[in-house]
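Working through the structure, step by step
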Amino acid sequence: MSVSVIAYITNWCPDCTRSRRVLQRLRVPFVEIDIEQTADAEDAMRALNGNSGKIPTLVIEGAQGRKVLVEPTDRELTQALRESA
């Protein structure tokens, strides 16, 4: 898959762990940004997801443009990745 993914996460979030596993299983390279460890990361995440504090927030850049997913299911994430490739 030819996509770029940024994952806004925390280390205690089970949904973040689940989304990370999907990305790893599909061998999609991604950058993790821990919103509790990186200065201004939460503000950047909120600017992308409609000011929601929900995590994970994933930004997928691909041939079809940019998609922002908030708390996606495994199926939603997999489908978005395939559509973006």
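Source: prediction; values computed, not measured.

What follows is about the overall build of the chain. Looking only at helices and strands, the chain has three helices and four strands in total. Walking the chain from its N terminus toward its C terminus, one meets helices and strands in the order β-α-β-α-β-β-α. Taking 85 residues into account, the globule formula puts the C-alpha radius of gyration at 12 Å, and the chain, at 12 Å, falls close to it. Expressed as a percentage of the 85 residues in the chain, the buried residues total 38%.

So, about the confidence of the model for the chain. The predicted model of the chain has a mean per-residue pLDDT of 96, with 99% of residues at 70 or higher. At the low end of the mean pLDDT range in the chain sits helix 3 (residues 74–84), at 96; at the high end sits strand 2 (residues 30–34), at 98.

Here we come to the nonpolar core. If you look at the biggest cluster of nonpolar residues, it comprises 22 residues, and the most contacted ones within it are Val5, Leu23, Leu58, Ile60, Leu77 and Leu81. Those elements giving two or more residues to this core turn out to be strand 1 (4–9), helix 1 (14–25), helix 2 (41–48), strand 3 (57–62) and helix 3. It is strand 1 that contributes the most residues to this core, four residues altogether. Residues contacting Leu58, with those up to four places away along its chain left out, are Val5, Ile6, Ala7, Ser19, Leu23, Lys67, Val68, Leu69, Pro72 and Leu77.

Taken together, the five bridges between strand 1 and strand 3 define a ladder with antiparallel strand orientation. Following the sheet pairing, Val5 is matched in strand 3 by Ile60. As paired strands, strand 1 and strand 2 are joined by five bridges and run parallel to one another. By the bridge assignment for strand 2, Tyr8 is matched with Ile33. The parallel pair strand 1 and strand 2 is bridged by helix 1, and the resulting crossover is right-handed.

Quick look at the sheet that holds strand 1 now. Strand order in this open sheet of four strands is 2-1-3-4, and the pairing throughout is mixed. The open sheet is flanked by strand 2 and strand 4 (65–70), the only strands paired with a single partner. The average undirected angle you get between the axes of adjacent strands in this sheet is 15°. Lying over the sheet, helix 1 contacts strand 1, strand 2 and strand 3, oriented at roughly 165° with respect to strand 2.

Rules of the game
For every chain, the first residue of the written sequence is number 1, and numbering continues from 1 along that sequence. In keeping with the predicted nature of the model, local features appear solely for residues at pLDDT of at least 70, side-chain atom pairs appear and are counted solely at 80 or more, and the whole-chain, interface and lining totals rest on all residues. With hydrogens and water set aside, each side-chain value is computed from the structure's full complement of heavy atoms. The helix and strand labels rest on DSSP assignments: H or I over at least four residues marks a helix, E over at least two residues marks a strand, and numbering proceeds from the N terminus. Computation of the radius of gyration draws on C-alpha atoms, with the globule rule given as 2.2 Å multiplied by the number of residues to the power 0.38. Three exposure classes are used, based on accessible area relative to the maximum for each residue type with a 1.4 Å probe and protein chains only: buried under 20%, partly exposed in between, and exposed over 50%. Known as pLDDT, the predictor's per-residue confidence is scaled from 0 to 100. Only buried residues count toward a nonpolar core, which is a set of Ala, Val, Leu, Ile, Met, Phe, Trp, Tyr and Cys residues joined through side-chain atoms within 4.5 Å. We call two residues in contact when some of their heavy atoms are within 4.5 Å. In this analysis, strands are considered paired if DSSP registers two or more bridges between them. A right-handed crossover is one whose linking path, passing over the helix from the first strand to the second, runs clockwise when the strands point away from the viewer. Orientation is described by lines fitted to C-alpha atoms, with helices fitted over the stretch in contact, and by angles between N-to-C directions that extend from 0 to 180 degrees.

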